[in-house]
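Spelled out, the chains give:
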Amino acid sequence: MCKYWNDRTQNLAPYIPGEQPRDRRFIKLNTNENPYPPSPRVIEAIKEAAGIELRLYPDPACTSLRAAIAERYGVKPEQVFVGNGSDEVLGFAFGAFFADHDPPILFPDITYSFYSVYAGLWGIPYRTIPLADDFSITVSDYVFPSGGIAIPNPNAPTGIPLAVNEVLSLAKCLEKQNKVLILDEAYIEFGGDSAIRHIDDYENLLVVRTLSKSASLAGLRVGYAVGSENLIEGLCRIRDSFNSYTLDRLALAGATAAIRDADYYAEINNKVIATRKRVSQILAELGFTVLPSAANFVFIKAPNISGADVSSELRGRGILVRHFDKARIADFLRVSIGTDEEMDTFLSACRTITGN
Ligand code: PMP
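The structure displayed is predicted, hence computed values, not measured ones.

### Some points on the side chain of Ser 136
Structurally, the position occupied by Ser 136 is in the loop between strand S4 (126-129) and strand S5 (149-152). At a separation of 2.6 Å, a polar atom in the side chain of Ser 136 contacts the side chain of Asp 134. With sequence-adjacent residues up to four places away left out, Ser 136 is seen in contact with Leu 131 and Ile 160.

Structure below.
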């Protein structure tokens, strides 16, 4: 608390990001980064961009990156927005499409914890809808008048995917109310089914993606949204009332190269998926509860030992995972999928900790 803070600042409940340790080398399975390096073409493109042109502002329209994304998904560049990480894109989207005077917006009770933060920042009322007992999202629970819906597919931190027809049923229901569905596909490339091909059918559907996980570029900070031209223009209005240059020259060059190197990324992400399957099976054999994940992490519960204890035991062995001290999931841990070698170290620590 500080006497110089206005009411807005005082009332914020900011997001707390996962730990990025600097003092010690850990096996980092706590923030869902990709364990494999970015495409070599990305590094080349960034090196090439790191020249005297840095004295000039970047392209505010982000033309080449938006063209590359549009080409990849068979949409128009006017249907693509890019931003400084999908967090920024989501934050702009909440400000652009949800309103303080509308009925509450809806999102799951267990989901990405930034949604309630954006709602708080923009003064948007929200209501959380409980996940089912098996931690899945029941779309019929969202079918009533609301100010809009934000939902990740797959959900985080559970990793459980939704079928596209279920996602579209939400868009359809909101369309009748003139409200927007923000569909956060941060982890879709690890086995889920994207709704991008349906954006021309639903003018109120905004699909948000990130290069942080599947393009192994968490350090570059690039996210994007695909949707109707009207939704994209709404996002541009918010951005251009805040900062016209959210992506710098290096990020634009690197991200464009990443979008164009789909083959490289299919290869590394298939490795992540294969490792996830193997690790899930072994954890289940060790007596862990393992939710069915379509993401680059698994959400797990150890037999007979609390989530907080497993997390601190792992930390003592040099392995970081994410623990959320929250009702219903306090005994669960979100474990990012690392390389096979890292996961073998993690699995043997789990065997020791659970006495298996
Ligand atoms: N959505 C979800 C569901 C996430 O887990 C994350 C990562 N914390 C993001 C969006 C944001 O990713 P980024 O800002 O790195 O693009």
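### Considerations on the site of the ligand
In the neighbourhood of the ligand, 13 residues make up the surrounding shell, with Ser 86, Asp 184, Tyr 187, Thr 210 and Ser 212 lying closest. Between a nitrogen atom of the ligand and a side-chain N or O atom of Tyr 112, the distance comes to 3.1 Å. Within the contact set of the ligand, an oxygen atom lies 2.6 Å away from a side-chain nitrogen or oxygen of Tyr 187. Burial of the ligand by the protein chains amounts to 92% of its free accessible area of 400 Å².

### Examining the packing of helix H9 (residues 262-285) against helix H11 (residues 340-354)
Put simply, H9 and H11 touch, their axes get as near as 11 Å, and they point 10° apart. By the criterion of interaxial angle, the relationship of H9 to H11 is roughly parallel. Residues Thr 275, Arg 278, Val 279, Ile 282 and Leu 283 of H9 pack against Asp 340, Met 343, Asp 344, Phe 346, Leu 347, Cys 350 and Arg 351 of H11. Each residue belonging to the contact of H9 with H11 can be placed in one class, and the counts come to seven nonpolar, one polar and four charged.

### Here's the deal with a nonpolar patch on the surface
A grouping of Met 1, Tyr 4 and Trp 5 is seen on the molecular surface, where their side chains present a nonpolar patch of about 470 Å² in accessible area. Examined against the element boundaries, Tyr 4 turns out to sit in the segment before helix H1 (7-11).

### What about the packing of aromatic side chains?
On inspection of all chains with the given rule, the structure shows 18 aromatic pairs. Ring geometry for Tyr 15 and Phe 114: centres 4.3 Å apart, planes at 15°, overall stacked. Here Tyr 15 is found in the loop between H1 and strand S1 (27-29), whereas its partner Phe 114 is found in helix H5 (residues 114-122), with 99 residues between them in sequence. Among the residues examined, Phe 114 registers a relative accessible area of 15% and is labelled buried. Between the NZ or CZ atom of Lys 271 and the centre of the ring of Tyr 36, over which it lies, the distance is 4.4 Å. Sitting over the ring of Phe 297, Arg 334 keeps its end group 5.8 Å from the ring centre.

Scoring rules and cut-offs
- Residues numbered from 1 in each chain as written.
- Predicted model: local features only at pLDDT ≥ 70, side-chain atom pairs only at ≥ 80, totals over all residues.
- Heavy atoms only, no water.
- Helix = DSSP H or I, 4+ residues; strand = E, 2+ residues; numbered from the N terminus.
- Polar contact = N/O pair within 3.5 Å; in protein donor to acceptor, adjacent residues only side chain to side chain.
- Contact = heavy atoms within 4.5 Å.
- Near = heavy atom within 4 Å.
- Areas by Shrake-Rupley, 256 points an atom, 1.4 Å probe, with all protein chains shown as cover.
- Axes fitted to C-alpha atoms, helices over the stretch in contact; angles between N-to-C directions.
- Parallel < 35°, antiparallel > 145°, perpendicular 65-115°, else oblique.
- Nonpolar A, V, L, I, M, F, W, Y, C, P; charged D, E, K, R; others polar.
- Patch = residues over 30% accessible without salt bridge, like charges linked within 9 Å, V, L, I, M, F, W, Y side chains within 5 Å.
- Salt bridge = Lys/Arg side-chain N within 4 Å of Asp/Glu carboxyl O.
- Phe/Tyr/Trp six-rings, centres within 6.5 Å; stacked < 30°, edge-to-face > 60°.
- Buried < 20%, exposed > 50% of the residue type's maximum accessible area, 1.4 Å probe, protein only.
- Lys NZ or Arg CZ within 6 Å of the ring centre and 35° of its normal.

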